[in-house]
Amino acid sequence: ATPDDHVVVLFGATGDLARRKLLPGLYRLAQAGLMPAGYRVVGSAPTADALSDEAFRAHARDAVTEFGGGEPSKPEWERFADALSFGAADPDEPGPLVAAVRAAETALGGGPRRLFHLAVPPVAFASVIGTLDRTGLSEGGRVIIEKPFGTDLASARALDGIVHAVFDESRVFRIDHFLGKESVDNILALRFANGLFEPVWNRDHISHVQIDVPETIGIEGRAAFFEETGTFRDMIVTHLFQVLGFVAMEPPTSLGAKALRDEKDKVFQSLRPVDPGHVVRGQYEGYRSEPGVAPDSDTETFVALRADVDNWRWAGVPFYLRSGKALGQRRQVVTLHFKRPPLRMFDTAWASGGGRGNALVVDFDDPGWIAADFLAKEPGPAMRLGPARMTFRYADSVQLRNGLEGYERLILDAMLGDQSLFTRSDGIQRLWEVADPLLRSPRPVEPYAPGSWGPASVDKLVAPHHWYLPDMA
Ligand code: BG6
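Residues numbered from 1 in each chain as written. Predicted model: local features only at pLDDT ≥ 70, side-chain atom pairs only at ≥ 80, totals over all residues. Heavy atoms only, no water.

The name given to the protein in an unreviewed UniProt entry is Glucose-6-phosphate 1-dehydrogenase, and the organism recorded there is Streptomyces triculaminicus. According to the UniProt record, the Sequence similarities (unreviewed entry) comment for the protein reads "Belongs to the glucose-6-phosphate dehydrogenase family." (UniProt positions renumbered as here; feature names shortened; annotations may be inferred.)

Draft legend 1. Main features of helix 9 (residues 257–270). With 14 residues, helix 9 should cover 20 Å at 1.5 Å per step; its first-to-last C-alpha distance of 20 Å lies within 8% of that length. Considered for burial, the residues of helix 9 that qualify are Ala259, Leu260, Arg261, Glu263, Lys264, Asp265, Val267, Phe268 and Ser270. (Helix = DSSP H or I, 4+ residues; strand = E, 2+ residues; numbered from the N terminus. Expected span 1.5 Å × (residues − 1). Buried < 20%, exposed > 50% of the residue type's maximum accessible area, 1.4 Å probe, protein only.)

Draft legend 2. Structural context of the side chain of Ser207. Secondary-structure assignment places Ser207 in strand 7 (residues 206–214). With a relative accessible area of 19%, Ser207 lands in the buried category. A polar atom in the side chain of Ser207 sits 2.9 Å from the side chain of His208. Not counting chain neighbours up to four residues away, the residues in contact with Ser207 comprise Val317, Pro318, His337, Phe338, Lys339 and His465. (Polar contact = N/O pair within 3.5 Å; in protein donor to acceptor, adjacent residues only side chain to side chain. Contact = heavy atoms within 4.5 Å.)

Draft legend 3. Looking closely at the site of the ligand. In the region of the ligand, 14 residues are neighbours, and Lys21, Glu215, Arg222, Asp234 and Lys325 sit closest. Residue Lys21 places a side-chain N or O atom 2.6 Å away from an oxygen atom belonging to the ligand. Between the ligand and Arg330 there is a distance of 2.8 Å, counted from an oxygen atom to a side-chain nitrogen or oxygen. In isolation the ligand has 400 Å² of accessible area, and contact with the protein removes 88% of it. Looking at the shell around the ligand, the element that brings in the most residues is helix 8 (residues 223–248), giving three residues. Here the residues of the shell around the ligand sort into three nonpolar, three polar and eight charged. (Near = heavy atom within 4 Å. Areas by Shrake-Rupley, 256 points an atom, 1.4 Å probe, with all protein chains shown as cover. Nonpolar A, V, L, I, M, F, W, Y, C, P; charged D, E, K, R; others polar.)

Here is the structure:
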């Protein structure tokens, strides 16, 4: 399917997200021939950060060069740059934005759709939506809202009220770019398109699940955002819980937005509210001296916790989630650990097989890979067991070369009006309920050394199990 003609309005066009992901992403979509036949991208920001059309094009070109795989080729770039313009907007001075949108619509002719991407800090959502309402720009348009959607249950409800007063739910696209990652989407294919895995995908066979997303980067100058947000909201309540939804859900009746989101949201309904006693909050040493960070900041840059999905498929199977900044390695991995079978006949300890036993590893960092770790007989006269692995690598798969990054895929879906991979109001609200006990009584942050795996107490959290983060063999 190709989207209808579009005017995409990018709020926060001079910000970090636009530079790293959205401008390179839109360019990539254009290059891949996936943008609508007619489209314009109008950048917007408060008047204080206003750019001329020319300066915005240069800004976008720099972003594409730095984060979109290098210098764009001249003819392709020029075609894309022609579609870019800028319109500043303040709540009491939206004139330039309105003019830029109208000019873009006139250039396209034929009544294109409007898509507003709110790549702005959460505190600015209400004001931008107010502007869209007062200027009438909201009419018939769709809106992409960045995470985190609210900071707790009350603020998420309030934000829903503000959004729904202007956009009905069918036009609201709450974005979580992890759900646009090929390998996260592939969890649905792995589970539901195969007879091999799903029959053992439950508490009868699985002992525990790990969703592990360590990052090496620090806060990269995002102190203002990060101090308010912290890793629990930024990564766990948004991305990691969403991935957990895909890992834990029942088979949906279809991949349509309603069926898929109903099943994911049922998982969230079954999640037990987080027990602060099963949470480790950490802060990397040096965080408090980052520019813009309070010298006595209690904001966490690391979280590990145990989540429990209390339903018939998963009761008793802990889900261990971990994410943090300034850690030893960047990874995005789900592992399902299988129960130990009876091994008496082998005269060998489970641990002698490398200690890892049976695990299914889903590495969902682009391009991603999947491995099944199991025990095999070591060649020789004796029956000795050793670790073995079967691997699927996305990078080897020819037909997957056209893969899109999370944001690219999702912006395309929003233009197509497909909400399947966007989060829904009720699901988000439930996740804030689940988060509530920790938000109310956060445990003190424990310091950890940059480049480590977080505070030492993370090992106790998973005992008698161990964190398992295998490299691609
Ligand atoms: C963002 C978070 O949503 O996701 C960042 O705000 C985090 O803190 C990033 O670094 C990770 O995304 P990616 O694209 O590197 O997988």
